[in-house]
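Spelled out, the chains give:
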Amino acid sequence: MKPQACELLIRGGTVIDGTGAARRAADVAVDGDRIAAVGRLDGVRAEREIDASGLVVSPGFVDVHTHDDRAVLSDPGMACKVSQGVTTVVAGNCGVSLAPLHGREPPPPLNLLGGTDWYRFPTFAAYREELEGSPPALNVAMQVGHTALRAQVMDGLDRAATGREIERMVELADEGMRAGCIGFSTGLAYPPARAAPTEEVLAIAHRVAARGGMHSTHMRDEEGGVLDSIRETARIGREAGIGIVISHHKCAGRENWGRTRETLALIAEAQETQSLDLDVYPYVAGSTVLLMEIVARSEKVLVSWSEPHPEVAGRPLEEVAREWGCGVEEAVARLQPAGGIYFMMDEDDLARILEFPGAMIGSDGLPHDVFPHPRLWGTFPRVLGHYSRDRGLIGLEDAVHRMTGKPAAVFGLAGRGEVRPGAWADLVLFDPDGIIDAATFEDPARPAAGIRSVFVNGREVWALGAAVASPGPGPGRLLRRTPAQGRA
Ligand code: ZN
Ligand code: CU
């Protein structure tokens, strides 16, 4: 139905609606925080009109893999994300969540989010209260981090949890779900969670599933044992009856290059009988805390931050070691606590994952690094500009779907991810010929080109290369999960 008037009218654009459907010429009317109408809206009066000719109008992007738990509190403008067209971030990934760890030193990789001064939320309800007290520019969906639970209830992390400790973790996960988390995550590859047996994860998975949640995982092994890790992950999904997302899928280390042929075949096979999805970031380098075991299997390493040596952030690790007249191992020890950017993947594997039907996009950006991996600022425009348009790996409608409608269905974000009447007005206007990432490994904090405007719940938060300043709270909301009826 055509309204007579609306607050905002986006005229003359090409709508890509997020469902995967072909683009079409249509105007979009917005009233308050909702899309009021989509179609030919001649004669509709509007308080504000935007000429979108030559631009694509699509749903705002969902960054399904982030470590933005703290950033949404400490940097509520979230320029690194809204500048890419991202309107929702899923936080609490890789087992790392800001709540409910408190009163204890966060072990790596939990320290990616900050120190004890930031780990101060005894419950997810307390975290939510602070977030909703001063909302950020974009929407947030939270996950309970398994490693944060371990660090809270256990004294030593190099062993399996006892029955009593598992009970406490399940209680804390339950509190998270009641407070609005959409599910829980694991980071079984990292030292503080490595000793957790499958059964420990299953105990939490059962409770989270009973609460209608989902599960994402940074799997135990993304190298030689990657197939076994996929089997373990699929088993957790089947036994707990829980939907799973494999985080930042990759085959790391030169001897494993090419093995995405095997991993993707195994994932496709599992998908026939269970809900199993994956996300990927569009780079052949990863980034996390600085660990010698990852350095050892990387082609090249950049230091992304170092507490005792902030001056070396952005420089190659080998160069630092040479300058210090020591070995790489010694340099890694002296830099701690620290982070690294690791070149350890193969471009053909990356292309194969991006082409995999339904693969979602997650930046895995690390917002507190002194010299962050460029994925923090570049992920979504890089997929749209480089991999979709320039290399033709996936069509534009498909790429947009994997950033919008698909993740909204997988993560249960009702009313998001689609341009249709009644949906929330999370929107991006971008130039399909000009969109491209600008952040590089030399200059990582540069906003992408080609994003005209970004709206979150009807309010413009980014326009023409800059944040739209507005006093008071941001338009972002905490999103709860509404489990999807069918499959995405
Ligand atoms: Zn991870
Ligand atoms: Cu991550």
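Preceding this paragraph is the structure being described.
Report on the accompanying structure.

Rules and cut-offs
- Residues numbered from 1 in each chain as written.
- Chains lettered and ligands numbered in written order.
- Predicted model: local features only at pLDDT ≥ 70, side-chain atom pairs only at ≥ 80, totals over all residues.
- Heavy atoms only, no water.
- Donors = N, O, S within 2.8 Å, 3.2 Å for Na, K, Ca; no water.
- Tetrahedral: all angles 85-135°; square planar, octahedral: opposite > 155°, others 65-115°.
- Helix = DSSP H or I, 4+ residues; strand = E, 2+ residues; numbered from the N terminus.
- Buried < 20%, exposed > 50% of the residue type's maximum accessible area, 1.4 Å probe, protein only.
- Core = buried A, V, L, I, M, F, W, Y, C linked by side-chain atoms within 4.5 Å.
- Contact = heavy atoms within 4.5 Å.
- Phe/Tyr/Trp six-rings, centres within 6.5 Å; stacked < 30°, edge-to-face > 60°.
- Lys NZ or Arg CZ within 6 Å of the ring centre and 35° of its normal.
- Pairing = 2+ DSSP bridges.
- Axes fitted to C-alpha atoms, helices over the stretch in contact; angles between N-to-C directions.
- Expected span 1.5 Å × (residues − 1).
- Bend = angle between axes of the 7 residues up to and from the residue.
- Parallel < 35°, antiparallel > 145°, perpendicular 65-115°, else oblique.
- Nonpolar A, V, L, I, M, F, W, Y, C, P; charged D, E, K, R; others polar.

Attention now moves to the coordination of the copper ion (ligand 2). H65 (NE2), H67 (NE2), C94 (SG) and D364 (OD) make up the full set of protein donors to the copper ion (ligand 2), lying at 2.1 to 2.3 Å. Considering all 4 donor atoms around the copper ion (ligand 2), angles at the metal cover 83 to 168° and the coordination shape is irregular. One chain supplies every donor to the copper ion (ligand 2), and in sequence these donors are spaced H-x1-H-x26-C-x269-D. Taken as an interatomic distance, the gap from the copper ion (ligand 2) to the zinc ion (ligand 1) is 3.0 Å; C94 donates to each of them. Linking H65 in the loop between strand 6 (61–63) and helix 1 (71–74) with D364 in the loop between strand 17 (360–361) and helix 14 (375–390), this pair joins segments that are 299 residues apart in sequence. An identical accessibility class is assigned to H65 and D364; each is buried.

Attention now moves to the nonpolar core. Membership of the largest hydrophobic core comes to 99 residues, with the highest contact counts inside it found for Y127, L138, L384 and F430. Ignoring any residue separated from it by four or fewer positions in sequence, one finds L138 in contact with V72, M78, K81, V82, V86, T87, T88, V89, V456, G476 and R477. The next biggest cluster of nonpolar side chains, apart from the first, holds 34 residues, and it includes V303, V332, L335 and F371.

Attention shifts here to the packing of aromatic side chains. Within this structure, the stated rule accounts for 5 aromatic pairs. Feature note: the residues F61, F380 and F430 constitute an aromatic cluster, connected by ring pairs. Above the ring of W424, the side-chain terminus of R34 is found at 3.7 Å from the ring centroid. Of note, R375 hangs over the ring of Y281, and the distance from its end group to the ring centre comes to 4.6 Å.

For the zinc ion (ligand 1), the full set of protein donor atoms is C94 (SG), H218 (ND1) and H248 (NE2), at a range of 2.0 to 2.2 Å. In primary-sequence terms, the residues that donate to the zinc ion (ligand 1) follow C-x123-H-x29-H.

The next thing to look at is the sheet that holds strand 6. If you walk across this open sheet you meet the 3 strands as 6-7-8, and the pairing is parallel. Of all strands in the sheet, those with a lone pairing partner are strand 6 and strand 8 (139–141), marking the two edges. Direction aside, the axes of adjacent strands within the sheet are offset by 25° on average. Both strand 6 and strand 7 (residues 86–90) contribute to a ladder of 3 bridges, which runs parallel. Pairing of D63 across the sheet is with V89, part of strand 7.

Here helix 14 contains 16 residues, and its C-alpha end-to-end distance of 18 Å is more than 12% below the 22 Å for a straight helix at 1.5 Å per residue. Helix geometry: helix 14 is bent most strongly at R382, by close to 55°. The buried fraction of helix 14 amounts to 13 of the 16 residues, a majority that puts the element mostly inside the structure. Downstream of helix 14 by a residue or two, G392 has a phi angle that is positive, lying close to 65°.

As a further point, take the sheet that holds strand 16 (residues 338–343). One open sheet holds the 3 strands; their spatial order is 14-16-15, and the pairing between them is antiparallel. Edge positions in the open sheet fall to strand 14 (285–289) and strand 15 (300–306), since each of these has one partner strand only. For this sheet, the mean inter-axis angle between neighbouring strands, taken without regard to orientation, is 20°. Here 5 bridges tie strand 14 to strand 16, and the two strands are oriented antiparallel to one another. Residue pairing across strands places G286 opposite Y342, the latter belonging to strand 16.

Moving on to the environment of H309. Tracing the backbone shows H309 in the loop between strand 15 and helix 11 (317–324). Taking the C-alpha atoms as reference points, H309 and Q336, 27 residues apart in sequence, are found 8.7 Å from one another. With near-sequence residues (within four places) excluded, H309 lies in contact with W324, R334 and L335.

What follows concerns the packing of helix 4 (residues 146–153) against helix 7 (residues 198–210). Where helix 4 contacts helix 7, the axes come no closer than 12 Å and their chain directions differ by 105°. The orientation of helix 4 relative to helix 7 falls into the category roughly perpendicular. Residues H146, L149 and R150 of helix 4 form the contact with helix 7, whose participating residues are E200, V201 and I204. Grouping the amino acids of the contact of helix 4 with helix 7 by side-chain chemistry returns 3 nonpolar, 1 polar and 2 charged.

As a further point, take the pairing of strand 10 (residues 183–187). The two faces of a sheet get side chains in turn, since along a regular strand they alternate between them. The element strand 10 is largely enclosed, with a buried count of 5 among its 5 residues. Here strand 10 shows two buried faces, one formed by G183, S185 and G187 and the other by F184 and T186. Bridge analysis of strand 9 (residues 143–145) against strand 10 gives 3 bridges, and the strand direction is parallel. Opposite V144, over in strand 10, you have F184 as the bridge partner. Pairing analysis gives 5 bridges linking strand 10 to strand 11 (residues 214–218), with the strands arranged parallel. Within strand 11, the position partnered with G183 by the bridge is M214.

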